Amino acid sequence: MNALELNYWLKAHWKLLVVIVVALFVLGQTIYQIVYPSSRLVPGVSVDGVPLGGMKYDEAADKLDGLYGELKLAIYFGENEAAFQEPKMKDVGIGVDNEARLDEITYPFWLRFVPGSIWWVPAASEPGEINYTYDKNKIAAYTTSKVGEDCNIEPQNATLKLVDSKLQLVPAVSGGQCDINELQRALSEVKPDSGGDNSVRIAIDETQAPVTDDIARDLAAKLNSRMAVPMPIKVDTETDTIPGRVVLSWLDFEADVPDNRLDNVASEFARLLVIVNQERMEDYLNQGLASKLVIEPGVSKVTTRDFTEISRTNGKNGRAIDMPRAAQSVAAYINGERDQAVGATKVVGPTTEYTRTYTPTSNGFAALLAQHDQDNPGTYSIAFTELSGVRNPRSATYRGDAQMQGGGIHAFYLAYTYIMEKAAGVARPVDDIAGGTNAADCFDDMLQKFDYACRLGFYDYFGYATLTKRAAEIGLTNTVFAGEETRTSANDLQKLFVGLYKNQIARAEGGQEILSTLRSTRASEGIPAGVPSGTITHVIGESDDIRSDAGIIYSTNKGAYALSVLAQGAEWDDIKNLVQKIEALKSKEVPKDAT
């Protein structure tokens, strides 16, 4: 058939083509309706304004249940207009079960043969009734946590809040005594409504708040009138102004209520105090006025050698806003006690920049440790002991006996106790220490992988008495065992490390096993990061803001030394920097008489 013949045929049979197309569409639509999964809601279904079309029934029910659980419930006591609490339904223990409700929405099989029915059947389907659920234990827990077993509601004093440029009343809320059983009964009868007011009101024997609406309203009128014009503020020799709405935004309000036990005077003498929030005031002043008042301080440059100051160039004093005094003047202006506020200032001393040098002596190392604490964040306990490489080994400590939490570094003491108890025949390598991990494996994991479970397991396995006895026999005087809260000192860590290195501790019992195991510690921050070359045997501790590291450093061409560092409020980089400074000082030529 050529193009002309096809065109003629189409013109002659176009109605037939239309019928065929429509028939195919209807057939396809009907087949789609027949095979549409019965486990899913039909397209277009909406319940409580929530579109659920195409969702599985159980998923749709869960979605509705979750949305109902998010609804707020306003709980009122007595005649109060303000709600006492507005918790979510799920937090109180009130819920719904929409599963049976959605089961009422069906798409009958016979209706699937009606062309197009899938699009209008949602309008003809209605969900069933909501099934409300109540968790009485959760309701009881909520009520007792908010009002106590005696259902005593503290009254809430009236206060003020800034709206736009005016202070407005936040009404007082009466308190009183309620019946806890009645409260719980009322909550267990709440029926959440997705489109209505969800509230419950409980009768109480009312107690009025001491700071009444009238007290707060009078204060608002006074402050709004006073701050209707900009506040003048003296800035050096000039006078500037600050918009009244800005000053009002600095204000906090606090109820001042006398002790009601003294002549029943609480209501009579209660008042609402005005407090200038220094943080918000400072934020505003720093945006503009501060530039007229603040003078940056200079820098004092100090050069030290060990503990001795050998030169100093003093920087100039600066000036900063004295926020407490400035806030006092603002409060005085607000209260009408003065005609203008004052941008009060205070002298700020110069910052100090140190250039530090150290002699390669014990005194120099002691200064280095002490000044590392002074120049860096955190609190430290540090011990340093040279073990080889020099004629007269040097040593130094800084707060060496200070007790500090080690963040798990007490694993070192647990390892020592294990070696001793194993030699005594009390502990065995096959003993279960942590959930099926035996003592031999836990020993390695605790030291090399900082394994918490093994550390806890060993602590429980030995107990406080055995650990304390083993620590006392080697002279650890600053260590107090308390699980993960164990406190120790740099000097105690150093004593055990040096004793093991010199074979003076646990020589016959196999103490060298501790050092050999620690050579494979996986931690690479702290001490290892500060040593350019050599090998390291060390144990770490880390918890919250605690960083601890102790061990033996076998430094290439510099001999071995022991270093123990306990730090709180420092970072691993701070310990790395300390080690780098120690390494640099050890590189200096040692005087013949150095000690």
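For the structure given in this document, a descriptive report is provided here. Fair warning: this is a prediction, and the values are worked out from it, not measured in the lab.

### Structural notes on helix H18 (residues 452-473)
The terminal C-alpha atoms of H18, which comprises 22 residues, lie only 26 Å apart, well short of the 32 Å expected from a rise of 1.5 Å per residue. At Gly463, H18 is bent by approximately 90°, the largest bend along its length. Of the positions making up H18, those classed as buried are Cys454, Arg455, Gly457, Phe458, Tyr459, Phe462, Gly463, Leu467, Arg470 and Ala471. Those residues of H18 that are buried are in contact with helix H16 (411-423), strand E25 (432-434), strand E26 (437-438) and helix H17 (439-448). The N-capping residue of H18, defined by a side-chain oxygen 3.1 Å from the backbone nitrogen of Ala453, is Asp451. Taken from the residues just after H18, Gly475 is the one with a positive phi, measuring 80°.

### Observations concerning the nonpolar core
Core analysis: the biggest nonpolar cluster contains 45 residues, and Phe412, Phe458 and Ile514 have the highest contact counts within it. With 9 residues, H16 is the largest single contributor of residues to this core. Discounting chain neighbours no more than four positions away, the residues touching Phe458 are Leu414, Tyr418, Ile433, Ala439, Cys442, Phe443 and Met446. Membership of the second largest hydrophobic core comes to 35 residues, among which are Met227, Leu272, Leu289 and Ile321.

### Some remarks on the state of the cysteines
Cysteine pairs can be covalently joined through their sulfur atoms, and such a bond is termed a disulfide. Scanning all chains against the criterion turns up 2 disulfides. Between the sulfur atoms of Cys151 and its disulfide partner Cys178 the distance amounts to 1.4 Å. One end of the pair, Cys151, is in the loop between helix H7 (136-147) and strand E6 (152-153); the other, Cys178, is in the loop between strand E9 (175-177) and helix H8 (180-187), and 27 residues separate them in sequence. On the accessibility criterion, Cys151 (0% relative accessible area) is buried. In this model Cys442 forms its disulfide with Cys454; the gap between the sulfur atoms is 2.0 Å.

### Some words on a negative patch on the surface
Where like charges cluster on the molecular surface, the negative patch consists of Asp58, Glu59, Asp62, Glu99, Asp103 and Glu104. Listing elements by their share of the negative patch, those giving two or more residues are helix H3 (57-69) and helix H5 (99-103). One can find Asp62 in helix H3. For Asp62, a relative accessible area of 55% translates into the label exposed.

### Some remarks on the packing of aromatic side chains
Scanning the model with the defined rule gives 12 aromatic pairs in all. Taken together, a centroid distance of 5.1 Å and an interplanar angle of 75° make the contact between Phe77 and Phe84 edge-to-face. Just as Phe77 is buried, Phe84 falls in that class too. For the pair Tyr413 and Phe481, a centre-to-centre distance of 6.1 Å together with 85° between the ring planes defines the contact as edge-to-face. In this pair, Tyr413 sits in helix H16 while Phe481 sits in the loop between H18 and strand E27 (487-488), placing the two residues 68 residues apart along the sequence. Members of the aromatic cluster, each reached through a chain of ring pairs, are Tyr418, Phe443, Phe458, Tyr461 and Phe462. In this arrangement the basic side chain of Arg226 is found over the ring face of Tyr333, its NZ or CZ atom lying 4.1 Å from the centre. Note that Arg356 overlies the ring of Tyr354, its terminal NZ or CZ placed 3.9 Å from the centroid.

### Some remarks on unusual backbone geometry
Here Arg399, not a glycine, exhibits a phi torsion of approximately 50°, which is positive. Phi at Phe450 takes a positive value of approximately 55°, unusual for a residue other than glycine. You can see Phe450 is positioned in the loop between H17 and H18. Looking at Phe450, the relative accessible area reads 24%, which means it is partly exposed.

Analysis parameters
Residues numbered from 1 in each chain as written. Predicted model: local features only at pLDDT ≥ 70, side-chain atom pairs only at ≥ 80, totals over all residues. Heavy atoms only, no water. Helix = DSSP H or I, 4+ residues; strand = E, 2+ residues; numbered from the N terminus. Expected span 1.5 Å × (residues − 1). Bend = angle between axes of the 7 residues up to and from the residue. Buried < 20%, exposed > 50% of the residue type's maximum accessible area, 1.4 Å probe, protein only. Contact = heavy atoms within 4.5 Å. Polar contact = N/O pair within 3.5 Å; in protein donor to acceptor, adjacent residues only side chain to side chain. Core = buried A, V, L, I, M, F, W, Y, C linked by side-chain atoms within 4.5 Å. Disulfide = S-S within 2.5 Å. Patch = residues over 30% accessible without salt bridge, like charges linked within 9 Å, V, L, I, M, F, W, Y side chains within 5 Å. Areas by Shrake-Rupley, 256 points an atom, 1.4 Å probe, with all protein chains shown as cover. Salt bridge = Lys/Arg side-chain N within 4 Å of Asp/Glu carboxyl O. Lys, Arg positive; Asp, Glu negative; His and termini not counted. Charge placed at Lys NZ, Arg CZ, Asp CG, Glu CD. Phe/Tyr/Trp six-rings, centres within 6.5 Å; stacked < 30°, edge-to-face > 60°. Lys NZ or Arg CZ within 6 Å of the ring centre and 35° of its normal.

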